[in-house]
Amino acid sequence: MSAAQYLETPQGRRLAYHATPGVGPTVVFLGGLKSDMEGTKAVHLEAWCQAHGRAFLRFDYSGHGESSGTFEEGCIGDWAEDTAAALATLTTGKLIVVGSSMGGWQSLLFARAHPDRVAGLVTVAAAPDFTEDGYWASFTEDQKATLARDGQIAMPSDYMEPYIITQRLIEDGRSNLVLRDPLPLPFPVRCLQGTADTAVSTDTALRLMDHADCIDMRLTLVKDADHRFSDGPCLGLIEAAITDILEALQ
């Protein structure tokens, strides 16, 4: 596998990425919180796009993977800036954006800001507004007091070591919510969600479906699939969702 390349963003962050040339629309993978571009879905989609001669981009947000910074320094807005910089600099033309978990939120932020660039959207266990509706809404008064006092709190995860959630992450998340105001998505959208996902509930997927203004939006629920959504059948469903969007564009 080739070594990562690096992009300096306008904010002075250094983002690691792998870009594959090919025909468009370019498929872009946006990973989840504390995930990186070496994850199963990102690498699988890169190989799939290469096999089909399709342009593809995967990258690490700041504080993730091989990019600069630490996770605790970052927030939703920073990672949205990273996404905007990477897509503006490293891609041209229309995009099919595949957003996983927090990357689903990032894909919606990008689509809201740059609808002219998006040909279609695929979300995988999308987690829009999770800092507010997940973390903050579930915090006890003691946890909120700890966050206010220490500026951070450790939250357990079913999928990796505990997350360090900072006061900045919570406050910045409130500036980037997508489920409170109108959310026009004027392109095909395909949402994938596992019923055994303990990080993002099917209720979140249904709320996104109900909230978004989109004339071609479909949700696929996969019985017993968990948040990783990375086994063979699940990867096949992501491929099928991209293919479905490509066919809808013809």
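Fair warning: this is a prediction, and the values are worked out from it, not measured in the lab.

Peer 1: Hey, could you go over the overall build of the protein chain for me, with residue numbers and the actual values?
Peer 2: Secondary structure assignment for the protein chain yields 8 helices and 10 strands. Compactness check: the protein chain gives a C-alpha radius of gyration of 17 Å against a globular reference of 18 Å for 250 residues, within 12% of the reference. Summarising its shape, the C-alpha atoms of the protein chain cover approximately 55 × 40 × 35 Å along the three principal directions. Looking at the protein chain as a whole, 52% of its 250 residues are labelled buried. When the accessible area of the protein chain is evaluated, it comes to approximately 10800 Å², of which 51% is carbon and sulfur surface. Each charge sign in the protein chain was given a centre, from 19 positive and 34 negative side chains, and these centres are 2 Å apart.

Peer 1: Any details on the pairing of strand β10 (residues 217-222)? Residues and values, ideally.
Peer 2: For strand β9 (residues 189-194) and β10, the ladder comprises 6 bridges, and the chain directions are parallel. Bridge pairing links L192 to T220 in β10.

Peer 1: I'd like to hear about the packing of helix α2 (residues 76-90) against helix α3 (residues 102-113), residue by residue, with values.
Peer 2: Interaxial distance between α2 and α3 falls to 10 Å at its minimum, and their mutual angle equals 65°. Like other packed secondary-structure pairs, α2 and α3 cross with a definite hand, here right-handed. Between α2, through I76, W79, A80, T83, A84 and L87, and α3, the contact on the second element is made entirely by M102, W105, Q106, L109 and F110. Grouping the constituent residues of the contact of α2 with α3 by class yields 9 nonpolar, 2 polar and no charged.

Peer 1: How would you explain the side chain of Q193 if you had to name every residue and give the values?
Peer 2: Tracing the backbone shows Q193 in strand β9. Assessed through its relative accessible area of 1%, Q193 is described here as buried. Among the polar contacts made by the side chain of Q193, one reaches the main-chain carbonyl oxygen of V200 at a distance of 2.9 Å. For Q193, the residues in contact, after removing those within four places along its chain, are A125, A126, V200, S201, T202, A205, L219, T220, L221, V222 and F229.

Peer 1: Account for the packing of helix α4 (residues 130-138) against helix α6 (residues 167-174), with residues named and values stated.
Peer 2: Packing of α4 against α6 leaves a shortest axis separation of 8 Å and a crossing angle of 135°. Classified by the interaxial angle, the pair formed by α4 and α6 is oblique. Facing α4, whose interface residues are T131, E132, Y135 and W136, α6 presents L169, I170, G173 and R174. When grouped by side-chain class, the residues that make up the contact of α4 with α6 number 4 nonpolar, 2 polar and 2 charged.

Peer 1: Which residues make up the pattern of salt bridges, and what values go with them?
Peer 2: Once the charged atoms of two side chains with opposite charge are near each other, the side chains can pair. Considering all chains together, one arrives at 18 salt bridges under this definition. Linking D78 and R13 is a salt bridge whose minimum nitrogen-to-oxygen distance equals 3.9 Å. Taken as a pair, D78 in helix α2 and R13 in the loop between β1 (5-8) and β2 (14-20) lie far apart in primary sequence, 65 residues in all. By the burial criterion, D78 is buried, and R13 matches it. Ionic pairing is found between D78 and R168, a salt bridge with its closest N-O pair at 2.9 Å. Remark: R168 occurs in helix α6 and D78 occurs in helix α2; sequence separation between them is 90 residues.

Peer 1: Account for the pairing of β1, with residues named and values stated.
Peer 2: As judged from the 4 bridges shared by β1 and β2, these two strands associate in the antiparallel manner. Of the residues in β2, the one forming a bridge with E8 is R14.

Peer 1: Explain the packing of aromatic side chains to me, and be specific about the residues and the numbers.
Peer 2: The final tally for this structure, using the stated rule, is 8 aromatic pairs. Pairing Y61 with W79 gives two aromatic rings, centres 6.4 Å apart and planes at 40°, and the pair type is tilted. Placement of Y61 in the loop between β4 (54-59) and α2 and of W79 in helix α2 is noted, with a sequence separation of 18 residues between them. Y61 gets classed as buried once you look at its relative accessible area, which sits at 3%. Ring centres of W136 and F139 lie 6.1 Å apart, and the angle between their planes is 70°; on these two criteria the pair is classed as edge-to-face. Using a relative accessible area of 22% as the deciding quantity, one classes W136 as partly exposed. Relative accessible area serves as the criterion here: at 6%, F139 is assigned to the buried category. Connected via pairs of aromatic rings, a cluster forms that spans F59, Y61, F71, W79 and Y163. Directly above the ring of F71 sits K34, whose terminal nitrogen or CZ lies 5.3 Å from the centroid.

About the thresholds
Residues numbered from 1 in each chain as written. Predicted model: local features only at pLDDT ≥ 70, side-chain atom pairs only at ≥ 80, totals over all residues. Heavy atoms only, no water. Helix = DSSP H or I, 4+ residues; strand = E, 2+ residues; numbered from the N terminus. Rg over C-alpha atoms; globule rule 2.2 N^0.38 Å. Buried < 20%, exposed > 50% of the residue type's maximum accessible area, 1.4 Å probe, protein only. Areas by Shrake-Rupley, 256 points an atom, 1.4 Å probe, with all protein chains shown as cover. Lys, Arg positive; Asp, Glu negative; His and termini not counted. Charge placed at Lys NZ, Arg CZ, Asp CG, Glu CD. Pairing = 2+ DSSP bridges. Axes fitted to C-alpha atoms, helices over the stretch in contact; angles between N-to-C directions. Left-handed = near helix turned anticlockwise from the far one by under 90°. Contact = heavy atoms within 4.5 Å. Nonpolar A, V, L, I, M, F, W, Y, C, P; charged D, E, K, R; others polar. Polar contact = N/O pair within 3.5 Å; in protein donor to acceptor, adjacent residues only side chain to side chain. Parallel < 35°, antiparallel > 145°, perpendicular 65-115°, else oblique. Salt bridge = Lys/Arg side-chain N within 4 Å of Asp/Glu carboxyl O. Phe/Tyr/Trp six-rings, centres within 6.5 Å; stacked < 30°, edge-to-face > 60°. Lys NZ or Arg CZ within 6 Å of the ring centre and 35° of its normal.

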